[in-house]
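# Architecture and fold: a report
The lines below spell out each chain.
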Amino acid sequence: MHLRLLGNSDIQISSIIMGTWQAGKNMWVGIEDQEIEKAFNDAFEAGVTTFDTAEAYGNGHSERIVGKALKNVRSKAVIATKVFSNHLAYKQVITACERSLKNLRTDYIDLYQIHWPAGSFGHKKVPIEETLGAMNDLKDQGKIRAIGVSNFNRAQLEEARQHAEIVSLQPPYSLFWRQVEKETMPFCKENDISILAYSSLAQGILTGKFGSSPKFEKGDHRVSNRLFLPENYARAHTALDQLRPLADKYDITLGQLALAWVIAQPNTCAIVGARNSNQAIQNSRTMEITISNDDLAAIDSIGKSVTDYIDDNPVMWKWS
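Residues numbered from 1 in each chain as written. Predicted model: local features only at pLDDT ≥ 70, side-chain atom pairs only at ≥ 80, totals over all residues. Heavy atoms only, no water.

## Some remarks on the packing of helix α1 (residues 33–45) against helix α9 (residues 277–284)
Interhelical geometry of α1 versus α9 gives an angle of 25 degrees and a closest axis separation of 8 Å. In terms of axis orientation, α1 runs roughly parallel to α9. Both α1 and α9 take part in a crossing whose hand is right-handed. Contact with α1, carried on its side by Lys38, Ala39, Asp42 and Ala43, involves Ser277, Ala280 and Ile281 of α9 and no other residues of that element. Each residue belonging to the contact of α1 with α9 can be placed in one class, and the counts come to four nonpolar, one polar and two charged. (Axes fitted to C-alpha atoms, helices over the stretch in contact; angles between N-to-C directions. Helix = DSSP H or I, 4+ residues; strand = E, 2+ residues; numbered from the N terminus. Parallel < 35°, antiparallel > 145°, perpendicular 65-115°, else oblique. Left-handed = near helix turned anticlockwise from the far one by under 90°. Contact = heavy atoms within 4.5 Å. Nonpolar A, V, L, I, M, F, W, Y, C, P; charged D, E, K, R; others polar.)

Here it is as structure tokens:
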């Protein structure tokens, strides 16, 4: 098992983190509660101690599935959740946290994060000091153990650090999506801030499962992902062909190769979801894989054949 400290806290997290957006069902298709709950249980048994969820994932449904799955191992698990951008006023943060605690069947949250910066999605722009003031009070009360942010750029992260001890940043980050490397990742490394990379498999592209022409069912949010635009996906498909010999060399899957590259980056853990136990167990095995420095460099170079052509907009989706 590969455990790492969360920022400068005393909380130990697994290098592979179970992502749970899919458990909320909203914006996903073909998700079954029982199958997801079993996947969570099996991931924990395989060494994935850390689970990331959010109040916005299915209006609390994901949190409730996480709470149910981990109720018998709560003291051994690390639970991270997030407050959405429409609940960032002081009293709203307090209320949202209490609701998440109830959903998660726990009396404390290990890592409480701001999901998106204030003003996102047309929501009210609440001063960061107000939001973090509420989080600091929750921390003082023992209801949360640590504070993190998600989808913040470097300037926003620097401002947040003026008002609270920030132990983590959760950005979109994978071999095929790397904007965070330019300014924010070096800042995190300098200041001992953990990077919890979401969409670390580029929403499934890096598994190679989509073939040459991806198709999605109605209601699947990935149809709006900019990596699936024809020009970007064509480069990704070519890059996958170049990555396969490296995966074969280590007798691992493409997905495991991509995750191994992510967790080899400084201060970085990979959040990765799973629809079933098989996927969860395969992801967990990445923690035991060691890739040589030369091969990590080769993987890095192949990834840049995709990312060098993507603009600096850090948002993965082309939402209307």
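## Section: the pairing of strand β8 (residues 166–170)
Taking burial as the measure, the five residues of β8 include five buried ones, the bulk of the element. One crossover worth recording links strand β7 (residues 144–150) to the parallel β8 by way of helix α5 (residues 154–160), and it is right-handed. As defined by bridge partners, β8 adjoins strand β9 (residues 194–197) across two bridges and the pair is classed as parallel. Counted as the bridge partner of Leu169 is Ile195 from β9. With helix α6 (residues 184–190) bridging β8 and the parallel β9, this β-α-β connection has right-handed handedness. (Buried < 20%, exposed > 50% of the residue type's maximum accessible area, 1.4 Å probe, protein only. Right-handed = clockwise from strand over helix to strand, strands pointing away. Pairing = 2+ DSSP bridges.)

## Some points on unusual backbone geometry
Even without glycine at this site, Phe121 takes up a positive phi of about 60 degrees. Relative to the assigned elements, Phe121 resides in the loop between β6 (109–114) and α4 (128–140). The partly exposed category is assigned to Phe121, whose relative accessible area is 43%. Positive phi values are uncommon outside glycine, yet Asn151 reaches one of about 60 degrees. Mapping Asn151 onto the fold places it in the loop between β7 and α5.

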